Amino acid sequence: MGVPDLNQRLVDAAAERYRPAGRFAFHFARAKLAGDPVFAALLARALIPDRAQVLDLGCGQGLLAAWLLAAESAQQSGNWGGTWPQPPTAWRFRGIERAAREVERANRALGARASVGCGDIRSAEFGDADVVVILDVLHYMELATQEAVIDRVRASLSQAGVLLLRVGDAGAGWPFRLGTWVDRAVLVARGYGATKLHCRPVEDWIELLDRRGFRTDAVPMSANTPFANVLLVARPK
């Protein structure tokens, strides 16, 4: 089984968990998992180790946990193949999400293996973690608040841990501007109204993380999309 076929099988299995949560939850999961390159990248780059305590901040309806469950199930059933490393096993997942309806969908889909709670990541307790995931979230917060969240993430991570932070590169010209336009349009369509975004060039993100005690690798994360997203893989110094 090649990687494209494996990826589609994982999309199907992960999205299927959301059928009981309604048509929107199912179709959103399917479209997001199929179209967003970050999920495949997390597995292809083996960024989540075995037995990791994973903390997903702003986790929405818990797609990352559903994705990891699908990968683990494929491995256990002997349906893993292609060139990707073996997926992580024995991980634990905790998500924090502000929107109560997303939390309800997540917990309905994920069952006992993952825990998703309703909270604001600006103030919620993080606890201890080996992997902290923040995908397309911090730009909704003012710059000083972004830095405060990163400080709290650094305090929660084990010394061998990793922060997986996806951001839009504000220095990338029209692909970045297109991404912010789509972002704002989606927010309005989902009833959140006009929202000011607080973005930075990727070089500024790396410098911020350096000042906050991280060494960072920047991985382009816009494959097959017109956007300017970057995954920052930040490890404690």
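Predicted, not measured: the structure shown is a model, and the values here were computed from it.

Draft legend 1. Fine view of the overall build of the chain. Across its full length, the chain holds eight helices and seven strands. At 17 Å, the chain has a C-alpha radius of gyration in line with the 18 Å of a compact globule built from 237 residues. Here the C-alpha coordinates of the chain stretch approximately 45 × 40 × 35 Å along the principal axes. A burial count over the chain gives 50% of its 237 residues as buried.

Draft legend 2. The nonpolar core, seen in detail. With 51 residues, the main nonpolar core has Leu 10, Tyr 18, Leu 64, Leu 110, Leu 164 and Leu 231 as its most contacted residues. The greatest single-element share of this core, amounting to ten residues, is contributed by helix α4 (residues 63-76). With near-sequence residues (within four places) excluded, Leu 64 lies in contact with Phe 39, Leu 42, Ile 48, Val 54, Asp 56, Phe 93 and Val 133. Core analysis: the second largest hydrophobic core is formed by 27 residues, Ile 121, Trp 205, Leu 209 and Leu 232 among them.

Draft legend 3. The arrangement of the sheet that holds strand β5 (residues 157-168) in detail. Read across the sheet, seven strands follow the order β3-β2-β1-β4-β5-β7-β6 without closing on themselves; strand pairing throughout is mixed. Where the open sheet ends on each side, the last strands, each with one partner, are β3 (114-118) and β6 (214-220). Within this sheet the neighbouring strands show an average axis-to-axis angle of 15 degrees, counted without direction. Bridge analysis of strand β1 (residues 53-57) against strand β2 (residues 92-97) gives five bridges, and the strand direction is parallel. Each residue of the ladder has a partner; that of Val 54, found in β2, is Phe 93.

Draft legend 4. Representation of the side chain of Gln 61 within the structure. Looking at the element boundaries, Gln 61 is found in the loop between β1 and α4. Within polar-contact distance, the side chain of Gln 61 engages the backbone oxygen of Ala 25 at 3.0 Å. With residues up to four places along the chain from it excluded, the contact list for Gln 61 reads Tyr 18, Ala 25, Phe 28, Ala 29, Glu 102, Arg 105 and Ala 106.

Cut-offs applied
- Residues numbered from 1 in each chain as written.
- Predicted model: local features only at pLDDT ≥ 70, side-chain atom pairs only at ≥ 80, totals over all residues.
- Heavy atoms only, no water.
- Helix = DSSP H or I, 4+ residues; strand = E, 2+ residues; numbered from the N terminus.
- Rg over C-alpha atoms; globule rule 2.2 N^0.38 Å.
- Buried < 20%, exposed > 50% of the residue type's maximum accessible area, 1.4 Å probe, protein only.
- Core = buried A, V, L, I, M, F, W, Y, C linked by side-chain atoms within 4.5 Å.
- Contact = heavy atoms within 4.5 Å.
- Pairing = 2+ DSSP bridges.
- Axes fitted to C-alpha atoms, helices over the stretch in contact; angles between N-to-C directions.
- Polar contact = N/O pair within 3.5 Å; in protein donor to acceptor, adjacent residues only side chain to side chain.

Honestly, that's just the spatial picture; any functional story needs more than this.
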